[in-house]
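Results of the structural survey
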Amino acid sequence: MTAEITSHEELRELLGTPMPRAVAKERTVLHERDRQWLAASPFCLVATAGADGSCDVSPKGDPPGFTRVLDETTIAIPERPGNRRADGYRNILDNPHVGLIYLIPGRTDTLRINGRARLVRDAPYFADMVVRGHRPVLAVEVRVGQIFYHCAKAFLRSELWQPETWRPEALPSRPRLIKEVEAPVESLADLERHYGPEYATRIYS
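Here the structure is a predicted model, which is why all the values come from computation and not from measurement. (Residues numbered from 1 in each chain as written. Predicted model: local features only at pLDDT ≥ 70, side-chain atom pairs only at ≥ 80, totals over all residues. Heavy atoms only, no water.)

**So, a nonpolar patch on the surface**
For clarity, the threshold we go by: Here a patch means residues that are over 30% exposed by relative accessible area and free of salt bridges, tied together within 9 Å if like-charged and within 5 Å if nonpolar (Val, Leu, Ile, Met, Phe, Trp, Tyr). Values of accessible area rely on a 1.4 Å probe in the Shrake-Rupley scheme; residue burial ignores everything except the protein chains shown. The term salt bridge refers to a pairing of a side-chain nitrogen on Lys or Arg with a carboxyl oxygen on Asp or Glu at a separation within 4 Å. A run of H or I in DSSP counts as a helix once it spans at least four residues, and a run of E counts as a strand once it spans at least two, with each numbered from the N terminus.
On the surface, a nonpolar cluster with roughly 390 Å² of combined accessible area is contributed by Ile5, Leu11, Leu14 and Leu15. Inspection of the secondary structure assignment puts leucine 11 in helix α1 (residues 8-15).

Here it is as structure tokens:
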């Protein structure tokens, strides 16, 4: 029989009380080390929720330092050409609360930022976000409400950065997944050509 947790009290009884340090580590202003982390990070996850509570998590990646620090409480994340679904961006228009997790390859800790976001179609700092000659499509400005470093346990348990545990061949290739799961009208051969070696040359256009 499934035993569901239905109250904050029950959850706290099960998990226990957090250590004082875990609570006290929250900050609202960027530290110099946070700036250095953002300068070294090439990848983050952006979590959003719509007005109806529906959620989305979107990966964002660019050369290290792609997230620009605007001031001690504001950062900006560039948007590049993608699939145009804009799920997270539509959420931000309805509900500005966002959650970010910044990774550095090989590091088992992460930087977490929660705050309020807005979408910007242009700003002077866009000139500093040009990659391969391309300006951002837009930027997500995030006003920091909470920032802290998250411990390494999840990465240690998953052995995420241990190459000997990697099994990319466990599932079919990207073209085959699209053909089998999304059932496009394109042939497998066409999909394989699209996602072939030249795919990486088109990611900014």
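Next comes the rest of the write-up.
**What to know about the pattern of salt bridges**
Where we set the bar: Accessibility here uses a 1.4 Å probe with only protein chains present; expressed as a share of the type maximum, an area under 20% marks a residue as buried, one over 50% as exposed, and anything in between as partly exposed.
Under the criterion given, the structure shown has 11 salt bridges. Aspartate 122 is the salt-bridge partner of arginine 135, the closest N and O atoms lying 2.7 Å from each other. Of the two residues, arginine 135 is situated in the loop between β6 (110-120) and β7 (138-150) and aspartate 122 in the loop between β6 and β7; the sequence distance between them amounts to 13 residues. Its salt-bridge partner being arginine 167, residue glutamate 169 comes within 4.0 Å of it at the nearest N-O pair. Side by side, glutamate 169 and arginine 167 carry an identical accessibility label, which is exposed. Each of Arg85, Asp87 and Arg90 takes part in a single network of salt bridges with overlapping partners.

**Section: the layout of surface pockets**
To keep it simple, the criterion reads: Definitions used throughout: a 1 Å grid over protein atoms alone; a cavity as a set of points that fits a 1.4 Å probe which cannot get out; a pocket as an open set with protein on both sides within 12 Å along at least five of seven lines; a lining residue as one with an atom within 4 Å of a point. Grid points are joined across faces, edges and corners, and a volume is the space filled by probe spheres set on the points. Classification convention: Asp, Glu, Lys, Arg as charged; Ala, Val, Leu, Ile, Met, Phe, Trp, Tyr, Cys, Pro as nonpolar; all other residues, Gly among them, as polar.
Looking at the largest pocket, its volume works out to about 1,200 Å³. Forming the walls of the largest pocket are 42 residues, and the residues nearest its centre are Glu79, Arg80, Pro81, Gly82 and Asn83. Element by element, the count of residues in the lining of the largest pocket is highest for strand β2 (residues 55-61), at six residues. Each residue belonging to the lining of the largest pocket can be placed in one class, and the counts come to 21 nonpolar, eight polar and 13 charged. Taken as a whole, the second largest pocket spans an internal volume of roughly 550 Å³. Taken together, 17 residues make up the lining of the second largest pocket; nearest its centre are Pro18, Met19, Ala22, Lys25 and Cys151. Within the residue set of the lining of the second largest pocket, elements represented by two or more residues are α1, α2 (20-24) and β7. Tallied by class, the residues present in the lining of the second largest pocket amount to eight nonpolar, three polar and six charged.

**Brief notes about unusual backbone geometry**
We note that arginine 132 has phi near 55 degrees; this positive angle belongs to a residue other than glycine. You can see arginine 132 is positioned in the loop between β6 and β7. Look at alanine 183: it is not a glycine, yet its phi comes out positive at around 50 degrees. Its place among the elements puts alanine 183 in the loop between α6 (174-182) and α7 (188-194). Of the residues examined, alanine 183 reaches a relative accessible area of 57% and is grouped as exposed.

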